[in-house]
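Spelled out from the first residue to the last, the chains are:
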Amino acid sequence: MTTIAYSTTSTATGGRDGKARTTDGSFEVTLGTPKELGGNGQGNNPEQLFASGYAACFLGAMKYAASQDKALPRVPSDAEVSATVGIGPRADKGFGLAVELVVSLPGVDRAAAEALVAEADTICPYSHAVRGNIEVKLSVA
């Protein structure tokens, strides 16, 4: 069981062509289905939101991992994580996701960067949530 330290609530209306808003009013987004999925491409979509959240969370997990294990390299201030989220039809039915995370750690030795990425993957709650459910490819730029 997870001990909850923070929670937030967001409510969506209109589905992929609607709006989503947090209950505290700090975040609101107009949603739109991408042209590739038959929409007009106006607004943001759940895949963009998931990609942004996963990238930010994974970078935070790297910082946390480095702070807990002095053998891991520090995360440079210009570090970046790019998350690409793809959606498409599954063979059985419905739709599925695939994710690619590309990590840039300027000035960090490749082997050390890969060790940090591997550790962050065990810590990041997004990685934990999707493990075994969707394909996730990790790489160091």
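Residues numbered from 1 in each chain as written. Predicted model: local features only at pLDDT ≥ 70, side-chain atom pairs only at ≥ 80, totals over all residues. Heavy atoms only, no water.

Per an unreviewed UniProt entry, the protein chain goes by the name Organic hydroperoxide resistance protein and belongs to Sphingobium ummariense RL-3. As recorded by UniProt, the Sequence similarities (unreviewed entry) comment attached to the protein chain reads in full: "Belongs to the OsmC/Ohr family." (UniProt positions renumbered as here; feature names shortened; annotations may be inferred.)

Colleague: Help me understand a nonpolar patch on the surface in this model?
Modeller: A cluster of nonpolar side chains, namely Leu37, Ile87, Phe95 and Leu97, defines an oily patch on the protein surface of about 320 Å² accessible area. Of note, leucine 97 is situated in strand β5 (residues 95-104). Among the residues examined, leucine 97 registers a relative accessible area of 32% and is labelled partly exposed. (Patch = residues over 30% accessible without salt bridge, like charges linked within 9 Å, V, L, I, M, F, W, Y side chains within 5 Å. Areas by Shrake-Rupley, 256 points an atom, 1.4 Å probe, with all protein chains shown as cover. Salt bridge = Lys/Arg side-chain N within 4 Å of Asp/Glu carboxyl O. Helix = DSSP H or I, 4+ residues; strand = E, 2+ residues; numbered from the N terminus. Buried < 20%, exposed > 50% of the residue type's maximum accessible area, 1.4 Å probe, protein only.)

Colleague: Would you mind going over the domain arrangement of the protein chain with me for this structure?
Modeller: How large an interface is tends to be reported as the accessible area lost when its parts come together. Partitioning the protein chain into domains gives domain 1 (1-44) and domain 2 (46-140). Counting residues at the interface gives seven residues for domain 1 and five residues for domain 2. Summed over both partners, the interface of domain 1 with domain 2 comes to about 520 Å²; 65% of that surface belongs to carbon and sulfur atoms. Looking only at domain 1, the three residues that lose the most surface to domain 2 are Arg16, Leu37 and Asn44, adding up to 72% of its buried area. Inspection of the domain 1/domain 2 interface yields two residue pairs in polar contact (both at pLDDT 80 or more). Looking at the side of domain 1 that touches domain 2 residue by residue, the class counts come to four nonpolar, two polar and one charged. (Domains from an automatic or database assignment. Contact = heavy atoms within 4.5 Å. Buried area = accessible area lost by both parts, 1.4 Å probe. Polar contact = N/O pair within 3.5 Å; in protein donor to acceptor, adjacent residues only side chain to side chain. Nonpolar A, V, L, I, M, F, W, Y, C, P; charged D, E, K, R; others polar.)

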